[in-house]
Amino acid sequence: MKRCILAISMSLSLMSGDAFADQYQNESLDAQSTETKTVFMAVWRGCEEACQGFKDYLANNEYPAEVIVKNANRDRSQLEAILSEAKEMQPDLVVTWGTSVSKALLGTRAEYGEATKLGDIPALFMIVADPLGADIVEQHDKTGRPMLAGIRNRISEDVQIRAMREYFPVEKVGVVYSDAELNSNLNTQKLKQLAAEMDFEVVESLYLLDEEGKPLPDQFDVRMQQLVSEDVDVVYVGSSSYNLANTDAFTQAAIEHGLPVASAYDSMVTKSSALISVSNKYYRVGQLAANQAVKILFDGAVPGEMPIAELSHFSISINMAVAREMALYPPIQLLRFANLVNATPVVTRTDSEGNGRIMDGETK
């Protein structure tokens, strides 16, 4: 088990080419131009952690750049107007956040080939669950589009499943999502492709949608009931803006039905009631995006010649309050790499299989 956890950690540590190897390379350098650059950032759900990380990186390192944030507020009908505004403004760089925003402002390769909807305006995408599957990029490590650079932030699904299995047995993985969300569809397809290879089953539960393609309210309980009836071991949230926006109701419904939630979103553990997450923290993803933006804005880098960058390390977070409530105590080996949320003083015990486990908050 120790070797498996170490392998998970090392595989993520070695996967980055550009990453943050030069994360702070530019911090001690003066910006090569005193001219203030304009960055137009289009976001899906407000200026969250990645957006803030991007802005903080530029501000803290005193780069002369103004970041103008345009929020679609989860409304696809706003994206065409945001695209028009970006083209009219002609900023020095457009940054797109999320799959829906990126496809709307950049267009797919099938539609535009090596070009983008933005013409000769340089662009950089981030927080796109599957840029290759969404046809935004040509290859896993390069965009194939001269005016486009990107950040890859997703932890692969095989790593997610391995991490879950270090915690508890996983034979059936439940997913609850809206098929109107492209990122959720792509993520579920990846899980299904992986299922035969890693010997697990994917059980889907789809939200009912209204005429506008948005999930009808108050469905979490019935979705979890369906998953319980099909004997799933865990509910996995890989990519879903709707589940993330309703994280408290989603995770509480799962707990009430005895289902642990594993998530690729760290905030579902640290700020809500998911049990475990394997993720790249969005704030650091935003900082990496800003690091790449600096190369375009001040160093003269050609976006399409830059490799798609990614962070070199990931984070495992475990919500110990949920672990206590569900009597799912993590093995000691997992804790070597985990960030414990809502932890209390701990003691260790040996379980029935002879494995050391944290028995959080217990006393003899």
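Read on for a plain summary of the structure. Quantities reported herein were computed from a predicted structural model and do not represent experimental measurements. (Residues numbered from 1 in each chain as written. Predicted model: local features only at pLDDT ≥ 70, side-chain atom pairs only at ≥ 80, totals over all residues. Heavy atoms only, no water.)

Applying the stated criterion across every chain, the model contains eight aromatic pairs. Pairing tryptophan 97 with tyrosine 282 gives two aromatic rings, centres 6.5 Å apart and planes at 70 degrees, and the pair type is edge-to-face. Within this pair, whereas tryptophan 97 is found in strand E3 (residues 93-97), its partner tyrosine 282 is found in helix H12 (residues 282-298), the two being separated by 185 residues in sequence. Of the two residues, tryptophan 97 and tyrosine 282, both sit in the buried class. Put simply, the rings of Tyr207, Phe220, Tyr242 and Phe250 touch in pairs and so form one group of aromatic residues. Positioned above the aromatic ring of tyrosine 265, the side-chain terminus of arginine 154 is 6.0 Å from the ring centre. (Phe/Tyr/Trp six-rings, centres within 6.5 Å; stacked < 30°, edge-to-face > 60°. Helix = DSSP H or I, 4+ residues; strand = E, 2+ residues; numbered from the N terminus. Buried < 20%, exposed > 50% of the residue type's maximum accessible area, 1.4 Å probe, protein only. Lys NZ or Arg CZ within 6 Å of the ring centre and 35° of its normal.)

It is worth spelling out the packing of helix H3 (residues 79-89) against helix H4 (residues 99-106) at this point. For the pair H3 and H4, the least separation of the axes is 9 Å and the interaxial angle reads 55 degrees. Between H3 and H4, the crossing angle belongs to the class labelled oblique. Of the two possible hands of crossing, H3 and H4 adopt the one that is right-handed. Residues Leu79, Ile82 and Leu83 of H3 pack against Ser100, Val101, Ala104 and Leu105 of H4. Across the contact of H3 with H4, the residue classes tally to six nonpolar, one polar and no charged. (Axes fitted to C-alpha atoms, helices over the stretch in contact; angles between N-to-C directions. Parallel < 35°, antiparallel > 145°, perpendicular 65-115°, else oblique. Left-handed = near helix turned anticlockwise from the far one by under 90°. Contact = heavy atoms within 4.5 Å. Nonpolar A, V, L, I, M, F, W, Y, C, P; charged D, E, K, R; others polar.)

With that out of the way, let us pick up the pairing of strand E8 (residues 234-237). Here is the key point about a regular strand: its side chains alternate between the two faces of the sheet. Here E8 shows two buried faces, one formed by Val234 and Tyr236 and the other by Val235 and Val237. Pairing between strand E6 (residues 172-177) and E8: two bridges, direction parallel. Paired with valine 173 across the bridge in E8 is valine 234. Both E8 and strand E9 (residues 261-263) contribute to a ladder of three bridges, which runs parallel. Pairing of valine 237 across the sheet is with serine 263, part of E9. (Pairing = 2+ DSSP bridges.)

With respect to topology, five strands assemble into an open sheet ordered E2-E1-E3-E4-E5, the strand pairing being parallel. The sheet is open, and its two borders are formed by strand E2 (65-71) and strand E5 (148-150), each paired with just one other strand. Each adjacent strand pair in this sheet contributes to an overall mean axis angle of 20 degrees, direction not counted. Examined bridge by bridge, E3 and strand E4 (residues 123-126) share four bridges and lie parallel to one another. By the bridge assignment for E4, valine 94 is matched with alanine 123. Along the sheet, H4 contacts strand E1 (37-43), E3, E4 and E5; its crossing angle with E3, the most-contacted strand, is approximately 140 degrees. In the packing of H12 onto the sheet, contacts are made with E1, E3, E4 and E5, and the angle to E4 comes to roughly 170 degrees.

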